[in-house]
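Here is how the chains run, residue by residue.
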Amino acid sequence: MAQDSCNNNFNDIHKPFNLQQTIAESGRCLYCYDAPCIQACPTSIDIPTFIHQIRSHNTKGAGKTILSENIMGGTCARVCPTEVLCEEACVLNTSMEQPVKIGLLQRHAVDTLIKNSNSHPFQRKATTGKIIAIVGAGPAGLSCAHRLSMLGHNVNIYEAKPKSGGLNEYGLAAYKMVDQQAQNEVAFLLEIGGITIKNNHYIESISDLKQNYDAVFTGIGLGKTYTLGIDNEDINGVQDAVDFIETLRQTEDKKGIPVGNDVIVIGAGNTAIDAAVQAKRLGATNVTLVYRRGEKHMSATSYEINLARENDVVIKLWSAPVKIKGKKKVKSMTFAKTGIVDGGYKITEETYKIKADMVLKAIGQKLDTTHLTMTTEKGKIVVNNGYQTSVAGVFAGGDAIKSGEDLTVQAVEDGKQAAHAINTFLEEEV
Ligand SMILES: Cc1cc2nc3c(=O)[nH]c(=O)nc-3n(C[C@H](O)[C@H](O)[C@H](O)COP(=O)(O)OP(=O)(O)OC[C@H]3O[C@@H](n4cnc5c(N)ncnc54)[C@H](O)[C@@H]3O)c2cc1C
Ligand code: SF4
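Within any chain, residue numbers begin from 1 and follow the written order of that chain's sequence. Just so you know, chain letters begin at A and ligand numbers begin at 1, following the order they were written in. Thresholds applied to this predicted model are a pLDDT of at least 70 for local features of residues and 80 or more for the giving and counting of side-chain atom pairs; totals over whole chains, interfaces and linings are not thresholded and use all residues. Each side-chain value is derived from all of the structure's non-hydrogen atoms; neither hydrogens nor water enter the calculation.

By nearness alone, 32 residues border ligand 1, and Val79, Glu159, Lys176, Ile203 and Asp399 come closest of all. Pro139 has a polar backbone atom sitting 3.3 Å from an oxygen atom of ligand 1. Pairs of N or O atoms are called polar contacts if they sit within 3.5 Å, as long as, within protein, a hydrogen donor faces a hydrogen acceptor (for residues adjacent in sequence, only side-chain-to-side-chain pairs). Between ligand 1 and the protein, one listed contact pairs an oxygen atom with a side-chain N or O atom of Asp399 at 2.8 Å. Expressed as a share of its isolated accessible area of 1,000 Å², the protein-covered part of ligand 1 is 93%. Secondary structure elements follow DSSP: runs of H or I no shorter than four residues count as helices, runs of E no shorter than two count as strands, and numbering proceeds from the N terminus. Within the residue set of the shell around ligand 1, elements represented by two or more residues are α9 (139-150), α12 (241-250), α13 (270-282) and α15 (408-429). Each residue gets one of three labels, nonpolar for Ala, Val, Leu, Ile, Met, Phe, Trp, Tyr, Cys and Pro, charged for Asp, Glu, Lys and Arg, and polar for the others, Gly among them. Of the residues that constitute the shell around ligand 1, the class distribution is 15 nonpolar, 11 polar and six charged. Split by domain, the residues of the shell around ligand 1 number at least three in each of domain 2 (131-223 + 367-429) and domain 3 (225-364). Only heavy atoms are used to decide nearness, and a residue is near a molecule or strand if one of them lies within 4 Å of it. Residue-level accessible areas treat just the shown protein chains as cover; the underlying method is Shrake-Rupley with a 1.4 Å probe. Residue ranges labeled as domains rest on an automatic or database domain assignment.

Next comes the structure, spelled out in structure tokens:
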């Protein structure tokens, strides 16, 4: 595949609206009383108000309405599965019409505000003299930092990776996050002041930070991956889908990225779909996504599943991996047919083989509990209603806790709410 055609495969998947399209689309909103779209947005953005502001040609005002609830409204507009969040709730769906394209309107408003403002749209309150440590510069940590700064606190963020942004920078699909979106958003967010990020700083004892800080927020995401538990998993050609995606996101010229001819992706979530679609767009001839249950059990949304099919990814259901074959390098995989027998999930004796020179495992991420001293349960840090962990003064949010779905927008909401909880904690301490 020629260099340009390969790189073009990673252009923006959703073309942004121009001004005319934006004004026309904003005219479709019914401005519902008790708008269900607001309830469906994890960050409770006042959607009818921002759409009304767009319609009244106050696009910068619309951007501020969005960012006041969701400081990463620019990224969320690009990556939210709107088909199961705000746009699913749009009342136009009930009259068999297309829902208002809330994500694209949001993107236009936030991009316009950021591009055309000389100063940051939010100010810090008078400084409180308090300093908070945040571990992890992903959406949860950054959102928490920004809100804490608005409340007048100073923040030091410790981030293990060389770049900030968490999965916004290292995980989200390249065709959703074009033009350095993640880094531009971090720079925008830091304009408020009072936040210092220390990159390449892995913190082992998170709870110990409390000794030197007024409070601590843990936004460490899910740093480990599950394994298949079968032989040959470490053989050449078999790798975690998240590592494959990270390399892809960090390589500007995609043409140089090694990809197999016959790629198998194992999993059923959005990571599996992202890996499969991106492998295909890199130039793989055959990409087969294999899942042990049926389509209705897949955690990927129907939009994502369709996207995979539109990109010629073959989806094989009711198949469990049993063998990875190959000596120095993977050559094929054997799968056993599965099914529901007597109401229970069963692996049958019927098997089949798929040729492979690359296998991407996308069977889920889990919390790295190696150095955590706070209570965890079912692979998540336990927090109370105020986002506080079992260690006093140590808070947590994002993928590391069980709140809503593991989504960017939920991590942003957790960070925001935790900042308010930390503020209350500090006020009560006085
Ligand atoms: C491949 C993939 C695709 C996805 N696509 C979508 C999508 O399209 N839409 C969507 O809404 N969601 C998507 N998600 C989910 C979304 O990315 C996450 O829900 C979100 O990033 C969680 O934010 P977080 O801040 O909790 O964690 P992360 O984004 O994981 O950030 C955690 C940060 O903490 C750092 N860290 C961890 N431990 C330490 C430590 N001890 N010391 C210092 N730093 C540390 C990490 O390096 C990382 O930067 C996707 C996830 C993956 C894996
Ligand atoms: S943040 Fe996401 S869910 Fe909320 S309104 Fe925007 S696109 Fe919809």
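All right, on to the sheet that holds strand β10 (residues 319-325) then. Strands are labelled as partners when DSSP assigns at least two bridges between them. Taken together, three strands build an open sheet; the order of strands is β10-β11-β12 and the sheet is antiparallel. Of all the strands in the sheet, the pair left with one neighbour each is β10 and β12 (344-355). Averaged over all neighbouring strand pairs, the angle between strand axes comes to 25°, with direction disregarded. The sheet contact formed by strand β11 (residues 332-341) and β12 spans nine bridges and is antiparallel. Directly across from Phe335, in β12, lies its bridge partner Tyr352. To obtain each axis, a line is fitted to C-alpha atoms, and for helices this fit is confined to the stretch in contact; angles are then taken between N-to-C directions over 0 to 180 degrees.

With that settled, consider the pairing of strand β3 (residues 195-198). Burial of the side chains of β3 is restricted to one face: Ile195 and Ile197 are buried, whereas none of Thr196 and Lys198 on the reverse face is. Bridging between strand β2 (residues 154-158) and β3 involves four bridges; their strand directions are parallel. Considered in β3, the bridge of Ile157 is made with Ile197. The rule is simple: take the accessible area with a 1.4 Å probe, protein chains only, and divide by the maximum for that residue type; under 20% is buried, over 50% is exposed, in between is partly exposed.

Quick look at the domain arrangement of the protein chain now. It is common to give the size of an interface as the accessible area that goes away when the parts come together. As far as domains go, the protein chain holds domain 1 (14-115), domain 2 (131-223 + 367-429) and domain 3 (225-364). Its C-alpha centre places domain 1 at a distance of 26 Å from the equivalent point of domain 2. Residue contacts follow a heavy-atom distance rule, with two residues in contact if any of their heavy atoms lie within 4.5 Å. Contacts between the two partners involve 18 residues from domain 1, matched on the other side by 20 residues from domain 2. Summed over both partners, the accessible surface that disappears when two parts come together, traced with a 1.4 Å probe, is what is meant by buried area. Across the interface of domain 1 and domain 2, roughly 1,700 Å² is buried in total on both sides, 69% from carbon and sulfur atoms. The salt bridge definition used is simple: a Lys or Arg side-chain nitrogen within 4 Å of an Asp or Glu carboxyl oxygen. Note that Glu69 is salt-bridged to Lys416, the shortest N-O span being 2.7 Å.

Remark on secondary structure: sheet strands pair via backbone hydrogen bonds, oriented parallel or antiparallel. Ordered by their spatial adjacency, five strands build an open sheet running β3-β2-β1-β4-β17, and the pairing between neighbours is parallel. Of all the strands in the sheet, just β3 and β17 (394-396) have a single pairing partner and so form its edges. In this sheet, adjacent strand axes meet at a mean angle of 20° when their direction is disregarded. Of the pairings in the sheet, the one linking strand β4 (residues 215-218) to β17 comprises three bridges and is parallel in character.

Mapping Thr128 onto the fold places it in the loop between α8 (102-115) and β1 (131-135). Sequence separation between Thr128 and Asn154 is 26 residues, and the spatial gap between their C-alpha atoms is 8.1 Å. Within polar-contact distance, the side chain of Thr128 engages the side chain of His153 at 2.7 Å.

The subject of this paragraph is the pairing of β10. Looking at chain direction, β10 and β11 are connected through six bridges and run antiparallel. Each bridged residue has a counterpart across the sheet, and for Pro321 the counterpart in β11 is Phe335. Here β10 hands over to β11 after six residues, with Gly326 in that stretch at a positive phi of 140°.

So, on to α8. In this model, α8 (14 residues) spans 20 Å end to end at C-alpha, consistent with the 20 Å of a helix rising 1.5 Å per residue. Burial analysis of α8 places 11 of its 14 residues in the buried class, which makes it a mostly covered element. Of the residues making up α8, those classed as buried are Ile102, Gly103, Leu104, Leu105, Gln106, Arg107, His108, Ala109, Val110, Thr112 and Leu113. Looking at the packing, one finds that the buried side of α8 touches α2 (19-26), α3 (36-40), α4 (47-55), α5 (59-69), α6 (73-79) and α7 (86-89). Expected span of a helix, by definition, is 1.5 Å for each gap between consecutive residues, and there is one gap fewer than residues.

Turning our eyes to something else, we now look at the side chain of Asn70. Assignment of secondary structure puts Asn70 in the loop between α5 and α6. By relative accessible area, which is 1% here, Asn70 ends up buried.

Time to look at unusual backbone geometry. Despite not being glycine, Tyr31 shows a phi value in the positive range, around 50°. Its location among the elements puts Tyr31 in the loop between α2 and α3. The class for Tyr31 is partly exposed, based on a relative accessible area of 25%. The backbone of Asp179 shows a phi angle near 55°, a positive value even though the residue is not glycine.

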